[in-house]
Each structure stands twice: as C-alpha cells, then as structure tokens.
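Understanding the architecture of this molecule
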Amino acid sequence: MPLAELLTGAGALTQQQLQDARSYQRVNGGGLGSAATALGFVTDDEIIAILCRQFRVAAVDLGRIEFDADVVDLIPAATARKHQVVPLSRSGATLTVAVTDPGNVVALDDIKFLTGCNVEPQVAAESAVAAAVRKLYGAAAGAQADRPAAEPGGMLQSADGDVEILDASDADVEGVAADRPGEGAPVVRLVNALLAAAIERGASDVHVEPYDQEFRVRFRIDGMLHPVAAPSVALRDAVISRLKIMANLDIAEKRLPQDGRLKARYRDRDVRREIDLRVSSLPTLFGEKVVLRLLDRERLTLDMTKLGFDERSLERFEAAIRSPRGMVLVTGPTGSGKTNTLYSSIARINASHTNILTAEDPVEFNMRGVNQVQIREGIGLTFAAALRSFLRQDPNVILVGEIRDGETAEVAVKAALTGHLVLSTLHTNDAPSSVARLLNMGVEPFLVTSSLNVVCAQRLVRCICRHCVADAPQPPAALRDIGFSDSEAVAVVPRTGQGCAACNGTGYKGRVGLFEVMVMSPALQQMILAGASTYDLSRQALEEGMVTLRRSGLRKIADGVTTVEEIVRETTG
C-alpha cells in the first residue's frame, strides 16, 4: 500500500492535508513523508510507527549506528541516493538496510539485484536517511538526495550509467498498468536495471529463466554464465511479457518460440552509445525462457592483430582473405568468435573499389560500405537463394553467415570457382575435419580441392585479469602432460588471477582467441582426392607448419595471457 494511503487510512492525514503535502513535495522535492512533517501535519515518529505496524518491520535510529565501510560499499552511491537507502549490516546472504518506505519494492528489488543478497528492510526517518546518505557517500551523493524521483519508464539510473529502451511500448503488461508508479513501474524499472547492469558488466547474453519455485536471471560474461538475480516469482509473467513487448513479440503466443529485436541507448557519464539486442523466447515447463543477446559495436574488435592470432597464422590467414577468389572457412562451436573473425576480415579488405555482399542470420552489426542481407527462411530467402542472387549483383567478395546444408555448400563452392572470394563458417571441431564436413554435405572432392583456400578453426578463452595476476607454478610433469616439451615444461611459469573487484572475483577479464589455420597446399589437395582420413590430413598440415588449437593455447599460457585450466577446458591434446 502506498504511503499516502497508509497515512490517510490511519487518520494521520486528511485528504486536504495530503493534497497540500503533495503540492509542497512538487515544489520542494523530497518524499511525501518529509513534506508532511515539514508542514507539521505529522511527526517522523508517527510515520515510522505506522510503517512498522503495516509492514511488520523494525525501526532503527541511524544516529546510534556504527557503519561498516565494507557493507556501505555494497550499495553504489547512485543507488543509495535514488532510493534513499542506507546499508546497515550483512549476515551471510542477508543485507539489512534502512529505508524510508519498506513498501518500495523497486528499491528492494534493485538492491537485491545489485548485491545478490536477500534484503531485510528497517524503517528510519526520511531526514535521518538523507543525512546518512550524505555522510556515507559524500556531499556529491547527498546533494541530490531530496530531488523528486525520476518518472517510471524509459530511463533508469543504474550503478554507473543510464539505459533507455528505444521504441518500447508502455502498454499494460499482463494486467499490470505500466503508467502507475506503484504497479507497472517496478516491472519496467527492473527490466531496465537488468539491461543496464548487463551492459555495464560486459555481458554477451542475459538468460531470464522461470522454474517451479524460482525465477532466475543469469549473465554470460566472458563465456561463463553467472547468476546475478532472483526476482520474485510473482513478477515472472510480467517481466517476460515486458521483454516480449519491447521486442515486438506476440505476448499472447506462449506455445511457440519467437524471435525479435530491440534497441537500447546506454549512457555512461557523458558517453552515449546504442546497443542492439536479439531476443529469443522459448516455451518451457514453467513458462517462457527469454534470452537476450547484446550486440555492442563498441566491443567489436575489427583489428585482426588483436584477436589472438600468432604471427605466422595471421600471415597465412590474411594472405587467404586477400586472394581474389576461392573459399575461406572459419570453424568452431557457437560462441567461439567466428562472426568477429569474419567481420574483421571484411573490415580488412573493405575498399571503395570492392563490392562486398553478405547473407547473415541475423545481421549482427551494420558495416559501412558493405551490402548486408538478412536471411528470412519463412518467405524463401535462404542462404542458397541469397547466394544465387548475389551472383547477379557483380560481387567481388561474398560472406555467407553459415553453410548449413548441401545446397548452400554447392552454391558457395561454385561462387568460389567462378572468380569470387567466399567467406563462411562451419560447425566443426578443428580445421582438418572441415574437409570431411563438406564431403558429407555432398560436395565432390575435386570441387573441395579446387575451391578451398584456407580453414581457420578457433576457440575463445578467458584472459587473466591484469589487476590480480600472480604466478602459479606447476610441476614440469603436469605441464608435459598438457603438451609442453621437456625444455618448455621447465622454463614456463603459468600465471593465474587471484580475484579482485575489477574481475568480480573470478580472476578473469576479457577473452582472446585461439586459432588453427590450415592452408590448402598441393599435398593436402592430393590427399583429399585420394580419400585420406582427417587424421592423415591433420598430420600433413602439422608437417607444413599448422599451429593446433592446443599449441596456440600453450603459447598463451607461456605468455601469461591465460591459465592452464582454460586451455585444458577448451582444447584437446
């Protein structure tokens, strides 16, 4: 129940006094309680007594509290200022806070989301909380403490920046009126806070997952999923519907998967940038799971020298993409950075005299000077159909987002054989097995050898956080087991991250690629025509200087870029 209804219901304020207090509040800012006390209609003690009785919480005298700096640091200054909340103590996974209104579910949900703790509110006077915020977070934080709260909806102050949903609907969400601060606003604010936190933390994906007795949110950061929040199960349908509305999905359709997109504008201090998000809903046993993929162009690395290639592999790959014809394949599992490598390749060869066409599903980033086509299989615009049309568009370079079937593979090979450079991806474990994959799709061996220039297999591994990096020596025998030579095992000193605030205690910050580049040499071509196995192709490529994914990882261990655990997890010996 809102504070206004509590005060009038308890007889502490008349309707006329409530109107006068709201008028005072609009002019002078602050909360309704402070306005009513300033006008002499009610005392702080009376308001606190009503709130404690209504919400069955304790009162706290902030003047007698000795604050713990570590507990204070759990809540950012911006959040404390916005919600007028003061952290008091922490016991295990429970954080006790002083608030002016324990019925403000927006404040409690935001704090739970930011800290990962269960929040136990206690009531304090508005003037005491404002003074405590100024004392704990400095004059700059307290200077705005009495300003009116922002209107619910598009903008939401997060820990460090703002996020604004562009073209988002303000329609009702599952019966929750979005224009009423006490009802729809918590859902809108929660979703916006979720997106702001995901952008700030550099998440690539946000997973919103419903279960029988739990509603969970996880972020994928540097390739690993991390639980970040567990909103009330009662908000499950409203939050999912809000996400579907923003992505222009059908909120009434809950039986079939749906895909959509939305755009958010993020402001970090004085810097603004737009983030594209792909939204996918999937019906599960206890509701719809929604996954949002964040496509942040600011985090897209188009400089090939920074992707993680070693010098020799980069020379081989660049020679292939600068060839006027032939096929270049980038292989690896989902999430291994294939799209980034393809975009980096396009950026390297993009020029005013080159006609570049791409067929993608979906188009993840817009590139200037490149003609990009969104695949729409529902209306017949498949990869194969797009490729056939491309050949009538006088192309120099063709990028195919993925070779999924024999028809697409056949058209791509023919394009490579008729004077075009074709870039594409496959899902294979390593570079040599890509040949077998093409053959299994029905491409004739002589077409493979005639069209294929190079295959690049890749993985992404987490980098050691540079703020907490430390030596982590291991026995030479253990290093030999993962592939180091006897001399290397003695000389190499692996490193690790010990965990700090910069990396959220994980010891890792950012990711780097491992690359395995196999150039199609005359010897390999003859072996393919003779029906050689993948093992034989791999052995021949190694003799010709191919660096395997494991060897690429070992070099990064020796250079102190990543850890032994990451390389063992992502590669095979």
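Residues numbered from 1 in each chain as written. Predicted model: local features only at pLDDT ≥ 70, side-chain atom pairs only at ≥ 80, totals over all residues. Heavy atoms only, no water.

**What to know about the side chain of Arg459**
For the record, the criterion: Secondary structure elements are defined from DSSP: runs of H or I of at least 4 residues count as helices, runs of E of at least 2 residues count as strands, and each element is numbered from the N terminus. Classification of residues uses two cut-offs on accessible area relative to the type maximum, computed with a 1.4 Å probe and protein chains only: under 20% is buried, over 50% is exposed, and between them is partly exposed. In this tally, Lys and Arg are treated as positive and Asp and Glu as negative; His is ignored, and so are the chain termini. For this analysis, a salt bridge means a side-chain nitrogen from Lys or Arg found within 4 Å of a carboxyl oxygen belonging to Asp or Glu. Pairs of N or O atoms are called polar contacts if they sit within 3.5 Å, as long as, within protein, a hydrogen donor faces a hydrogen acceptor (for residues adjacent in sequence, only side-chain-to-side-chain pairs). Any two residues whose heavy atoms approach within 4.5 Å at even a single point are treated as in contact.
Positionally, Arg459 belongs in strand S17 (residues 452-464). Glu570 provides the closest opposite charge to the buried, salt-bridge-free Arg459, at an N-O distance of 4.5 Å. Within the local environment of Arg459, its side chain forms a polar contact with the backbone oxygen of Asn429, the two atoms lying 2.7 Å apart. Once residues lying within four places of it in the same chain are set aside, the contact partners of Arg459 are Gly332, Pro333, Ser336, Thr428, Asn429, Val512, Gly513, Leu514, Leu549 and Glu570.

**A short note on a nonpolar patch on the surface**
Threshold: Nonpolar side chains (Val, Leu, Ile, Met, Phe, Trp, Tyr) within 5 Å and like charges within 9 Å form the patches, drawn only from residues with over 30% relative accessible area and no salt bridge. Here the Shrake-Rupley method, with its probe set to 1.4 Å, supplies the accessible areas, and only the displayed protein chains count as covering residues.
Residues Tyr211, Leu285 and Phe286 make up a contiguous nonpolar surface patch of about 320 Å² in total accessible area. Looking at where Phe286 falls in the secondary structure, it is placed in the loop between strand S10 (271-284) and strand S11 (287-295). Residue classification places Phe286 among the partly exposed residues on the basis of a relative accessible area of 33%.

**A closer look at the confidence of the model for the chain**
Under the convention used in this document: Note: pLDDT gives the predictor's confidence per residue, expressed from 0 to 100.
With 90% of its residues at a pLDDT of at least 70, the chain reaches an overall mean of 84. Counting contacts from residues 139-160, a segment whose pLDDT is below 50, to residues more than four positions away or on other chains yields 52 contacts. Segment residues 168-184 is flagged for pLDDT under 50; beyond a separation of four residues in sequence, or across chains, it makes 30 contacts in the model.

**Looking at the sheet that holds strand S2 (residues 94-99)**
Which entries qualify depends on this criterion: Two strands pair if DSSP finds at least two bridges between them. In this description, a line fitted to the C-alpha atoms serves as the axis of each element, helices being fitted only across the stretch in contact, and the angle between N-to-C directions of two axes falls anywhere from 0 to 180 degrees.
An order of S1-S2-S3 is seen for the three strands of this open sheet, with the pairing classed as mixed. Each edge of the open sheet carries a strand with a single partner, namely strand S1 (85-91) and strand S3 (118-123). Adjacent strand axes in the sheet meet at a mean angle of 30 degrees when their direction is disregarded. As defined by bridge partners, S2 adjoins S3 across six bridges and the pair is classed as parallel.

**Section: helix H4 (residues 44-55)**
For clarity, the cut-off: A helix is expected to reach a length of 1.5 Å times the quantity of its residues less one.
For H4, which comprises twelve residues, the first-to-last C-alpha distance of 16 Å matches the rise-based estimate of 16 Å (1.5 Å per residue) to within 8%. For H4, the complete set of buried residues consists of Ile47, Ile48, Ile50, Leu51 and Cys52. Where H4 terminates, the next one or two residues include Arg56, which has phi positive at roughly 55 degrees.

**Quick look at the pairing of strand S6 (residues 205-210)**
Burial analysis of S6 places six of its six residues in the buried class, which makes it a mostly covered element. Residues Asp205, His207 and Glu209 line one face of S6 and the alternating positions Val206, Val208 and Pro210 line the opposite face, and both faces are buried. The sheet contact formed by S6 and strand S7 (residues 215-221) spans six bridges and is antiparallel. Its bridge partner being in S7, Asp205 is matched across the sheet by Arg220. Hairpin connection from S6 to S7: four residues lie between these consecutive antiparallel strands. Here S6 runs beside S11; their pairing, made up of four bridges, is antiparallel. Pairing of His207 across the sheet is with Val291, part of S11.

**What to know about the sheet that holds strand S15 (residues 397-400)**
Either a parallel or an antiparallel arrangement is found when strands of a sheet pair, and the pairing is made through backbone hydrogen bonds. Spatially, S14-S13-S15-S16-S12-S17-S20 is the arrangement adopted by the seven strands of the open sheet, whose pairing is mixed. Every other strand in the sheet has two partners, leaving strand S14 (371-374) and strand S20 (508-519) as the edge strands with one partner each. Averaged over all pairs of adjacent strands, the angle between their axes in this sheet comes to 20 degrees, without regard to strand direction. Here four bridges tie strand S13 (residues 356-360) to S14, and the two strands are oriented parallel to one another. Bridge pairing in S14 links Leu357 to Asn371.

**Points about the pattern of salt bridges**
According to the stated counting rule, one finds 25 salt bridges in the structure shown. When salt bridges with common partners are traced through the structure, they connect Glu209, Arg216, Arg218 and Lys289 into a single cluster.

**What about the state of the cysteines?**
Two cysteines, two sulfur atoms, one covalent bond between them: this is a disulfide. How we decide: Disulfide: a pair of cysteine sulfur atoms within 2.5 Å of each other.
Summed over all chains, the structure comprises zero disulfides. Considering cysteine sulfurs only, Cys500 is the nearest to Cys468, which forms no disulfide, with 3.7 Å between them.

**Here's the deal with the nonpolar core**
The condition that has to hold: What is meant by a nonpolar core is a set of buried Ala, Val, Leu, Ile, Met, Phe, Trp, Tyr and Cys residues, joined one to another through side-chain atoms within 4.5 Å.
Core analysis: the biggest nonpolar cluster contains 50 residues, and Leu329, Val435, Leu452, Phe484, Met518 and Ile557 have the highest contact counts within it. Of the residues forming this core, the biggest block, six residues, is contributed by helix H14 (residues 406-417). Once residues lying within four places of it in the same chain are set aside, the contact partners of Leu452 are Met327, Leu329, Val435 and Met520. If you look at the next biggest cluster of nonpolar residues, it comprises 35 residues, including Ala203, Val206, Ile275 and Leu292.

**Some details on the packing of aromatic side chains**
How we decide: The aromatic pairing rule takes the rings of Phe, Tyr and Trp, using the six-membered ring of Trp, and pairs them if the centres are within 6.5 Å, calling planes under 30 degrees apart stacked, those over 60 edge-to-face and the rest tilted. A ring is scored as having a charge over it whenever the NZ atom of a lysine or the CZ atom of an arginine sits within 6 Å of its centre and within 35 degrees of its normal.
In total, this model carries three aromatic pairs according to the counting rule given. Members of the aromatic cluster, each reached through a chain of ring pairs, are Phe309, Phe317 and Phe515. The positively charged end of Arg462 is found above the aromatic ring belonging to Tyr508, 3.9 Å away from the centroid.

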